[in-house]
Amino acid sequence: MSDAPDDTRRQDFHALLRSLPVWDTELPHFDPASAPAAPLPLFRQWLCEAAAAGSPEPHTMTLATADAAGRPSVRTLMLHDADERGWHFATHRTSRKGRELAVRPEAALGFYWPAVGRQVRIQGTVTAAGPEESRADLARRSTGALAAALVGRQSEVLPSYEKLERASDAAWERARREPGAPVDSWTLYVLEAQEVEFFQGDARRRHVRLNYRRRASPEDGWSTELLWP
């Protein structure tokens, strides 16, 4: 049997990869000398600028965690806040990421905004907020988010899609009826950054990479350094 169709598909795939444009737009200029002393104000500024430039869902991010043996896993989820405490996100503590954070409370976040050719990478320690703050976080979200949280069982094996449909319908009905319905496993997490890198892409590949590192004492603030692209 000829494998020509497979070869053709492989060639088409490689051709597609080579043809895809990268930063097919004018990119903003970033002068690292003008950056603030701490990363939070710059992060907020960049997210707002990405939203204004039309980056879809600029508040989505990748979250990387690892299990007790160091095996990594990664997924995309939403940023709930970024303040002096750190970067906030939420999930069920019984989910895979919740279980991994329980045994290894360290994580990394990644933001990518192609409309402006920017990335932000964040690494640090993660703390689970208490039940009251976690409930308040869920209460601020949409009916759909509450319904999804009520379904629960995130990352467990699903016997059939029909079972999900039934559970989802029941959860939507309850979410509309009880907008404050509790979900005990819902947990807000806060990542306290130890390192934050800001990457500004450049069409000539002379990318600007500004890296913040937290000094040993919180009172000492942050140090900064430029990195080779």
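Our structure's up above, just so we're on the same page.
Counting of residues starts from 1 at the beginning of each chain's written sequence and follows it residue by residue. At least 70 in pLDDT is required for a residue's local features to be given in this predicted model, at least 80 for side-chain atom pairs to be given and counted, and no such filter applies to totals for whole chains, interfaces and linings, which use all residues. Hydrogen atoms and water are omitted, and side-chain values are computed over all heavy atoms in the structure.

Caption draft 1: Expanded view of the pairing of strand β4 (residues 86–92). Each residue is placed in one exposure class: buried if its accessible area under a 1.4 Å probe, protein chains only, is under 20% of its type's maximum, exposed if it is over 50%, and partly exposed if it falls in between. Secondary structure elements follow DSSP: runs of H or I no shorter than four residues count as helices, runs of E no shorter than two count as strands, and numbering proceeds from the N terminus. Of all 7 residues making up β4, 7 are buried, and the element is well covered by its neighbours. As defined by bridge partners, strand β3 (residues 81–83) adjoins β4 across 3 bridges and the pair is classed as antiparallel. In the strand pairing of β4, D81 is matched with H88. By this definition, two strands are paired if DSSP reports at least two bridges between them. Connecting β3 to the next strand, β4, in antiparallel fashion are 2 residues.

Caption draft 2: Focus on the nonpolar core. By size, the foremost hydrophobic cluster in this structure holds 31 residues, and its most contacted members are F43, W87, F111, W113, V120, I122 and V196. At the level of elements, α2 (39–52), β1 (60–66), β4, β5 (106–113), β6 (118–128), β7 (186–200) and β8 (208–214) are the ones that each hand at least two residues to this core. Throughout, a contact is declared for two residues whenever any of their heavy atoms are within 4.5 Å. Once residues within four sequence positions are removed from consideration, I122 is found in contact with W87, A107, A108, L109, F111, L191, A193, E195 and V196. Nonpolar core, defined: a set of buried Ala, Val, Leu, Ile, Met, Phe, Trp, Tyr and Cys residues in which side-chain atoms within 4.5 Å join the residues together. In this structure, L138, L146, A147 and W186 belong to the second largest nonpolar core, which totals 11 residues.

Caption draft 3: Local environment of the environment of R9. Note on placement: R9 falls in helix α1 (residues 4–19). Distance in space between the C-alpha atoms of R9 and H92 is 40 Å, their sequence separation being 83 residues.

Caption draft 4: The environment of L164, seen in detail. For L164, the position within the fold is in helix α6 (residues 161–177). Among the residues examined, L164 registers a relative accessible area of 30% and is labelled partly exposed. Placed 13 residues apart in sequence, L164 and V151 show a C-alpha to C-alpha distance of 8.2 Å. Beyond its immediate stretch of four places on either side in the chain, L164 contacts V151 and L158.

Caption draft 5: A look at the side chain of K97. Positionally, K97 belongs in helix α3 (residues 96–103). Residues contacting K97, with those up to four places away along its chain left out, are L63, T65, R75, L77, T91 and Q154.

Caption draft 6: Geometry of helix α5 (residues 143–151). For α5, the complete set of buried residues consists of A145, L146, A147 and A149. Looking at the packing, one finds that the buried side of α5 touches β4, α4 (131–139), α6 and β7. G152 sits one or two residues past α5 and shows a positive phi near 65°.

Caption draft 7: Molecular detail of the pattern of salt bridges. By convention in these notes, a salt bridge is any Lys or Arg side-chain nitrogen within 4 Å of a carboxyl oxygen on Asp or Glu. Under the defined criterion, the tally for this structure stands at 16 salt bridges. Among the ionic pairs, D7 bridges to R10, the shortest N-O distance being 2.7 Å. Linking D7 with R10, this pair stays in helix α1, spanning 3 residues, or about one helical turn. Under the relative-accessibility criterion, D7 is labelled partly exposed at 26%. Taking the relative accessible area as the measure of exposure, R10 reaches 44% and is therefore partly exposed.

Caption draft 8: Main features of the packing of aromatic side chains. Only centres within 6.5 Å qualify two rings of Phe, Tyr or Trp (six-membered ring in Trp) as a pair; their planes then separate them into stacked at under 30 degrees, edge-to-face at over 60, and tilted for everything else. Counted according to the given criterion, the structure contains 10 aromatic pairs. Ring geometry for F198 versus Y212: centroids 5.7 Å apart, planes at 70°, classification edge-to-face. Taken together, the residues F198 in strand β7 and Y212 in strand β8 connect sequence positions 14 residues apart. Its relative accessible area of 0% is what places Y212 among the buried residues. One aromatic cluster is present, built from ring pairs that chain together F30, W46, F198, Y212 and W222. Criterion for a charge above a ring: Lys NZ or Arg CZ within 6 Å of the ring centre, and within 35 degrees of the ring normal. The cationic tip of R118 hangs over the ring face of W46; the distance from NZ or CZ to the ring centre is 4.2 Å.

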